[in-house]
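Secondary and tertiary structure notes
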There are 2 protein chains.
Amino acid sequence: MQKTGAGAPALLTDHYELTMISAALRDGTAHRSSVFEVFARRLPQGRRYGVVAGTGRLLEQLAAFTFHPDEVDFLRRTGVVDDATAEWLAGFRFSGDVDGYAEGELFFPNSPILTVSGTFAECVILETLILSVLNHDCAIAAAAARMVTAARGRPLIEMGSRRAHEEAAVASARAAYLAGFGSTSNLAAGLRYGIPTAGTAAHAFTLLHDDEKAAFASQVAALGEQTTLLVDTYDISQGIRNAIAVAGPGLRAVRIDSGDLSVLAAQSRALLDELGAPDVKIVVSGDLDEYAIAALAAEPVDVYGAGTAVVTGSGAPTAGLVYKLVEVDGRPVVKRSENKATVGGRKTAYRRHKPTGTAVEEIVLTGASAVTADPQPGDRLLQRPLVRGGEPVADLPGLEQSRTHLRDCLITIPWEGLKLSAGDPAVPVTVTAAT
Amino acid sequence: MQKTGAGAPALLTDHYELTMISAALRDGTAHRSSVFEVFARRLPQGRRYGVVAGTGRLLEQLAAFTFHPDEVDFLRRTGVVDDATAEWLAGFRFSGDVDGYAEGELFFPNSPILTVSGTFAECVILETLILSVLNHDCAIAAAAARMVTAARGRPLIEMGSRRAHEEAAVASARAAYLAGFGSTSNLAAGLRYGIPTAGTAAHAFTLLHDDEKAAFASQVAALGEQTTLLVDTYDISQGIRNAIAVAGPGLRAVRIDSGDLSVLAAQSRALLDELGAPDVKIVVSGDLDEYAIAALAAEPVDVYGAGTAVVTGSGAPTAGLVYKLVEVDGRPVVKRSENKATVGGRKTAYRRHKPTGTAVEEIVLTGASAVTADPQPGDRLLQRPLVRGGEPVADLPGLEQSRTHLRDCLITIPWEGLKLSAGDPAVPVTVTAAT
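Residues numbered from 1 in each chain as written. Chains lettered and ligands numbered in written order. Predicted model: local features only at pLDDT ≥ 70, side-chain atom pairs only at ≥ 80, totals over all residues. Heavy atoms only, no water.

Regarding the overall build of chain A
- From N to C terminus, chain A includes 16 helices and 19 strands.
- Expressed as a percentage of the 435 residues in chain A, the buried residues total 61%.
- Pairs at least 24 apart in sequence give 75% of the contacts found in chain A among residues at least 6 apart.
- The positive charge centre, built from 40 side chains, and the negative charge centre, built from 50, are 5 Å apart in chain A. (Helix = DSSP H or I, 4+ residues; strand = E, 2+ residues; numbered from the N terminus. Buried < 20%, exposed > 50% of the residue type's maximum accessible area, 1.4 Å probe, protein only. Contact = heavy atoms within 4.5 Å. Lys, Arg positive; Asp, Glu negative; His and termini not counted. Charge placed at Lys NZ, Arg CZ, Asp CG, Glu CD.)

Quick word on the domain arrangement of chain A
- The domain architecture assigned to chain A consists of domain 1 (15–138 + 316–344 + 382–425) and domain 2 (200–304).
- Distance from the C-alpha centre of domain 1 of chain A to the C-alpha centre of domain 2 of chain A: 44 Å. (Domains from an automatic or database assignment.)

As for the sheet that holds strand β8 (residues 228–230) of chain A
Residues and elements named next belong to chain A.
- Ordered in space as β7-β6-β11-β10-β9-β8, the six strands form an open sheet in which the pairing is parallel. The two strands at the open ends of the sheet, each matched to only one other strand, are β7 (183–184) and β8.
- Pairing analysis gives three bridges linking strand β6 (residues 156–158) to strand β11 (residues 303–306), with the strands arranged parallel. If you follow L156 over to β11, its bridge partner there is Y304. (Pairing = 2+ DSSP bridges.)

Considering the side chain of E362(A)
All names here are of chain A.
- Considering the arrangement of structural elements, one finds E362 in strand β15 (residues 359–366).
- Overall, the relative accessible area of 0% leaves E362 in the buried class.
- Polar contacts involving the side chain of E362 include one to the side chain of S111, which spans 2.6 Å. (Polar contact = N/O pair within 3.5 Å; in protein donor to acceptor, adjacent residues only side chain to side chain.)

With respect to the interface of chain B and chain A
- Opposite the 94 residues of chain B that make contact, chain A presents 94 residues.
- Together, the buried faces of chain B and chain A total about 7400 Å²; carbon and sulfur atoms form 62% of this surface.
- It is R162(B), L187(B) and L208(B) that lose the most area in chain B upon contact with chain A, and together they represent 11% of the buried surface on that side.
- Applying the counting rule to chain B against chain A returns ten salt bridges. (Buried area = accessible area lost by both parts, 1.4 Å probe. Salt bridge = Lys/Arg side-chain N within 4 Å of Asp/Glu carboxyl O.)

Comments concerning the relation of the copies chain B and chain A
- The two copies are related by a screw operation: chain B maps onto chain A through 180 degrees of rotation and 0.0 Å of translation along the axis, at an RMSD of 0.0 Å. Such values leave the two copies arranged in the relation of a two-fold axis.
- When the interface residues of chain B are mapped onto chain A, 100% of them again lie at the interface, so the same face is used by both copies. (Least-squares fit on C-alpha atoms with pLDDT ≥ 70 in both.)

Quick look at the nonpolar core
- Membership of the largest hydrophobic core comes to 132 residues, with the highest contact counts inside it found for F67(B), L75(B) and L321(B).
- By residue number, the principal contributor to this core is helix α6 (residues 127–151) of chain A, which donates eight residues.
- For F67(B), the residues in contact, after removing those within four places along its chain, are A10(B), L11(B), V72(B), L75(B), L89(B), F92(B) and I125(B). (Core = buried A, V, L, I, M, F, W, Y, C linked by side-chain atoms within 4.5 Å.)

Side note on the pairing of β15(A)
Residue and element names in this part refer to chain A.
- Burial of β15 is extensive: six of the eight residues sit out of reach of the surface.
- As judged from the seven bridges shared by strand β14 (residues 347–353) and β15, these two strands associate in the antiparallel manner. Pairing of T348 across the sheet is with L365, part of β15.
- Counting the residues that bridge the hairpin from β14 to β15 gives five residues, and of these G357 lies at a positive phi of roughly 100 degrees.
- Pairing geometry for β15 and strand β19 (residues 429–432), over four bridges, is parallel. Paired with L365 across the strands is T432, a residue of β19.

Let's talk about unusual backbone geometry
All names here are of chain A.
- Of note, the phi angle at D329 is positive, near 45 degrees, even though the residue is not glycine.
- Within the secondary structure layout, D329 lies in the loop between β12 (321–328) and β13 (331–332).
- The residue D395 is not glycine, and still its phi comes out positive at about 60 degrees.
- Here D395 falls in the exposed class, since its relative accessible area comes to 78%.

Digging into the UniProt feature "domain: Nicotinate phosphoribosyltransferase N-terminal" (unreviewed entry) in chain A
- Following the UniProt record, the feature "domain: Nicotinate phosphoribosyltransferase N-terminal" (unreviewed entry) maps to residues 11–135 of chain A here.
- For residues 11–135 of chain A, the end-to-end C-alpha separation is 18 Å, with 42% helix and 18% strand making up the annotated structure. (UniProt positions renumbered as here; feature names shortened; annotations may be inferred.)

Quick word on the pattern of salt bridges
- Scanning the model with the defined rule gives 42 salt bridges over all chains in all.
- Between R77(A) and D73(A) there is a salt bridge, with its nearest N and O atoms 3.5 Å apart. Of this pair, R77(A) and D73(A) both sit in helix α3 (residues 69–77), four residues apart, roughly one helical turn.
- Judged by its relative accessible area of 58%, R77(A) is exposed.
- By relative accessible area, which is 43% here, D73(A) ends up partly exposed.
- For the salt bridge of D302(B) with R269(B), the shortest nitrogen-to-oxygen distance reads 3.9 Å. Linking D302(B) in the loop between α13 (290–295) and β11 (303–306) with R269(B) in helix α12 (residues 261–274), this pair joins segments that are 33 residues apart in sequence.

Here it is in structure tokens:
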């Protein structure tokens, strides 16, 4: 499976991953059986949950993770690796296993959201790519999920592409859709992932024309009345009058992109109703984050357009996930300076629920304790096989399923967990070391 | 020129750019001669300057900005564009002009850093890509430049790839190098841009081995004594003793990645000296930003490794640049709700300097005033041709030249401008409208 629309992933890797492999190949430790885990030591300041996102993108890139001869040549020529390592890289293909939380699953500090097992060399070589994909996509999905909660069922359009790196923008659109956004402005996300795309018009389109009415007439002529006219280029009230005069009451929506949106939404609604256009919807945009969206809950807004805050993770642009070696040849390993919550050994994770379905605890077990664990009714095993022997397992959930899964998961967390204010993680995680 | 290692750029575009083109093609305004400008209304909170970065990446993608038949088919099939627009897209190639500030140039609020002229359709279609590239790269370069200043001549390694989207990581490495970082951990940045790559080892490498000495011996055997040993996996003092015992006093460096770095740097220096290894350098890393780097100025640190703070723009992950239509068929246009500093019409920008070389003012002139402007000695014209008739001009500066240019520019700003504390833009910008 070749990755669509972006480069080969193997060199999206830190220099030291390959020098470590070089040394480990030479001393034989490269082949030691190893387990690495991805987890977050903490959530971003005050956040109550994390959202697993990016797994689908990661598996796609894992399948394409091979070294092109030009890449190997570059590494050899610049002295990053020696001949033996160059040869190993030229034949590299991941042949290990990956297990992980489903995309769309919630996570909390110390949740082992991804587990990679295989030889040391084949696991460590994936570190940078795995963390890049997950740290980015999880950050965006968590911010987007809070906006979806704040919007209380009103649809959201992701329109932040211009405020993010051009490829990060595509991944952001995917993560926001996963989190419950209804559509994106990003066309590449439409092509690659089948996400519905949407758009209105920019102020430039109005400025291009001789007057606002001419711009509106042109847009309606091309796109039909089921379009959204941007009414705040000059005067908003006049803009709305012009919109209805040109398109009639069958127009889909008007968009307001500036000013005090709560006042303007109410005034615009009143004016539209007065003009006999009660079915024309109101789209608002302009630096909306979860708090601004929540503040508009009582106003007659029909659709939110969110941009910068989504693609920058609304103050937390990276998820703080780390990739740690936890087991070598069956023996748990741990860095001495880690905080006490970090324990070595491969982990098994359950989430425990009340009979009502509310999540009360996440239980992370290691070593022997995992084997002897006695699941209770309402416990849900959080990890599932993703890759076996280097090949993706059959029937991995698609983006739509992951989207549904997140919606279902958010229903299970205690109600405080959905508050936008700063607080503790919604579900405590207990890590129990092997006994 | 085909872009290296990343996808085709044409669909990295907002839906509405193409629907606007659809409408404008139908009513004939698509062909109106237009000028768009990129500028920031403000700098991120308290920042004193911005850094132009990404221009080189942008021009590379501009050359590859054509629509693949599959992309056109997608747009037609999903109803984004009609047949006439699909046909226009299939034959699209930018044929206009681009002028801009040099990569590595400083900018301030309202500096017209990029000017795109051509037909409305061929200019508007580039909006999203231009802003994605510049908003990302300028954000990273500005943060990185502050870290370089804080490091006071000590070298910096960019090692944040794992905390950013995998392709944004490559662009971040490039922007950080432009800003004066000495190297990056990102191998793709090494291959694509010729940036020196560097790396040490991870804690996993030590944990993989039976003990720390075995890990160090393996690394030195593979990479020679000109390598950097990571000494904080278990106990730092013992780690340093092990490092010198294994590698001898010819070892290049030790790295410390945790703990109170100011205390540990001093203790480590004393211990290395005591062990007869005065030439072994100390590399520190671990959530370093410009403030943490500045706080280490008095400590015996030789090299800084910075990661998360670089790739997330140290609190300002996007530069806030906008792309605005300022002229149609020679007539200045402006959105009525803009703040007063925004004026229509194509602009010309100079920076005025004292005889000592210190920049005192940036003068932005529009329309007739630009023609009659009378440059003084010490004025420097900031815009230069980048693209003519769709083709990049000859002899555009490369990354090394841009890096030098930034260093030269930073010398010219008033000394307050280099302070890390919050403040006003270092150089005021005066925008004078046509008279």
